[in-house]
Amino acid sequence: MQQIFNFIFKNSNKLLFLLLLGISLILTIQSHSFHRSKVISSANFLTGGVYQRINNVSEYLNLKTQNEILANENAQLKSLLLNIKDTTLVPKIDSIKGVSKINIIVSKVIHNSYNVYENYLTLNSGTKDGVEPDMGVINSNGIVGIVDKTSKNYATVVSILNKRSQINAKIKKTNHFGSLIWDGKSTGFVQLIDVPRLASVRKGDTIVTGGQSVIFPANINIGIIDKIFVDDETNYYTLNVRLFNDMTNLGHVYIIKSKDRTEIKNLEEESKNE
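Rules and cut-offs
Residues numbered from 1 in each chain as written. Predicted model: local features only at pLDDT ≥ 70, side-chain atom pairs only at ≥ 80, totals over all residues. Heavy atoms only, no water. Helix = DSSP H or I, 4+ residues; strand = E, 2+ residues; numbered from the N terminus. Buried < 20%, exposed > 50% of the residue type's maximum accessible area, 1.4 Å probe, protein only. Contact = heavy atoms within 4.5 Å. Areas by Shrake-Rupley, 256 points an atom, 1.4 Å probe, with all protein chains shown as cover. Pairing = 2+ DSSP bridges. Axes fitted to C-alpha atoms, helices over the stretch in contact; angles between N-to-C directions. Core = buried A, V, L, I, M, F, W, Y, C linked by side-chain atoms within 4.5 Å. Patch = residues over 30% accessible without salt bridge, like charges linked within 9 Å, V, L, I, M, F, W, Y side chains within 5 Å. Salt bridge = Lys/Arg side-chain N within 4 Å of Asp/Glu carboxyl O. Phe/Tyr/Trp six-rings, centres within 6.5 Å; stacked < 30°, edge-to-face > 60°. Lys NZ or Arg CZ within 6 Å of the ring centre and 35° of its normal. Polar contact = N/O pair within 3.5 Å; in protein donor to acceptor, adjacent residues only side chain to side chain.

Caption draft 1: Structural detail: the overall build of the protein. Tallying secondary structure elements over the protein gives five helices and twelve strands in all. Relative to its 274 residues, the protein shows a buried fraction of 34%. In the protein, the proportion of contacts linking residues at least 24 apart, taken out of those at least 6 apart, comes to 60%. On the protein, roughly 17,400 Å² of surface is accessible, and the fraction owed to carbon and sulfur atoms is 55%.

The structure is reproduced here in structure tokens:
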């Protein structure tokens, strides 16, 4: 212990300089958006590289499970193809209803948190692949989250298991809308709030995306109603939704890029400013 004190006294000037330098850097980053964005981008690059290496090892040890997941997804796609009247004709993306103006970027989850209140994922795709903030992320089972920050090779995603997440969703059979949130209690359930009491809801009804934003197109699966709660004060339903996705076990995902996203955003900004 005496040696530690001697080291501190001997190098007190250097240590004080490093402390003041650290404080000045923190204040600079917090007060300037440009510096803050550069730090976040650099952090994404560094942590993304670490997560990528860890994921490579984990993926190798988990090949059997991943192969089973891909086989099941291929079976689902094959089933859809066999239900087309003329199976020799492969439909173009632009001919599929609801996906006419959507591009898909294939990516992979290399880090996934799900045990805190504000959970994030890291993907091995970034700006070089065309990924931008506020793009929706889905997989074959349903929605996963929304892109938050990007670097050249990686992107972080606000998981639907994040208390900051709020996504437009609806009851599939009635088209009654609400806001999808997470109460932070279970990784298998989210909540659809602000659903009007006049809506006909039953346990087992399917919940899908509402399509009232440029992030997700309509009718992407989310889950099924597990429990129904009534708020007597607001006269709205709160629906507990069992997710189709196992958010603790995510592999390949699809990032949705709307072709009209920029045009719609600019038009909305113009309307707000008038």
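Caption draft 2: Main features of the sheet that holds strand β9 (residues 206–209). One closed barrel holds the six strands; their spatial order is β6-β7-β8-β11-β10-β9, and the pairing between them is antiparallel. Pairs of neighbouring strands in the sheet enclose a mean axial angle of 40 degrees, with direction left out of account.

Caption draft 3: How the structure looks around the nonpolar core. Membership of the largest hydrophobic core comes to 41 residues, with the highest contact counts inside it found for I143, L192, I207, F216 and L239. Contact partners of I143, with chain neighbours within four places excluded, come to V137, I138, I160, I167, L180, T209, F216, I220, N221, I222, N245 and M247.

Caption draft 4: Just a nonpolar patch on the surface, in detail. Taken together, the side chains of L15, F17, L18 and L21 define a hydrophobic patch exposed on the protein surface, amounting to about 380 Å² of accessible area. Structurally, F17 can be placed in helix α2 (residues 12–31).

Caption draft 5: Main features of the packing of aromatic side chains. Evaluation of the coordinates by the stated rule reveals zero aromatic pairs. The cationic tip of K163 hangs over the ring face of Y117; the distance from NZ or CZ to the ring centre is 5.0 Å. Lying over the aromatic face of Y237, R197 brings its terminal NZ or CZ to 5.9 Å of the ring centre.

Caption draft 6: Local environment of unusual backbone geometry. Positive phi values are uncommon outside glycine, yet D134 reaches one of about 70 degrees. Within the secondary structure, D134 sits in the loop between β2 (118–123) and β3 (136–139). In this structure D134 comes out as partly exposed when scored by relative accessible area, which is 36%. Here N219, not a glycine, exhibits a phi torsion of approximately 70 degrees, which is positive.

Caption draft 7: Expanded view of the pairing of strand β6 (residues 167–171). Within β6, four of the five residues are buried, which leaves it mostly tucked inside the rest of the structure. Direction of pairing for β6 relative to strand β7 (residues 177–181): antiparallel, over a ladder of four bridges. The residue bridging N168 from the neighbouring strand is S179, located in β7. The loop that links β6 with its antiparallel partner β7 comprises five residues; one of these, N175, has a positive phi angle of about 65 degrees. Note: β6 against β9, three bridges, orientation antiparallel. Along β9, the bridge assignment pairs I171 with I207.

Caption draft 8: Main features of the environment of N124. Within the element layout of this structure, N124 appears in the loop between β2 and β3. Sequence separation between N124 and Y154 is 30 residues; the distance between their C-alpha atoms is 4.8 Å. Within the local environment of N124, its side chain forms a polar contact with the side chain of S107, the two groups lying 3.2 Å apart.

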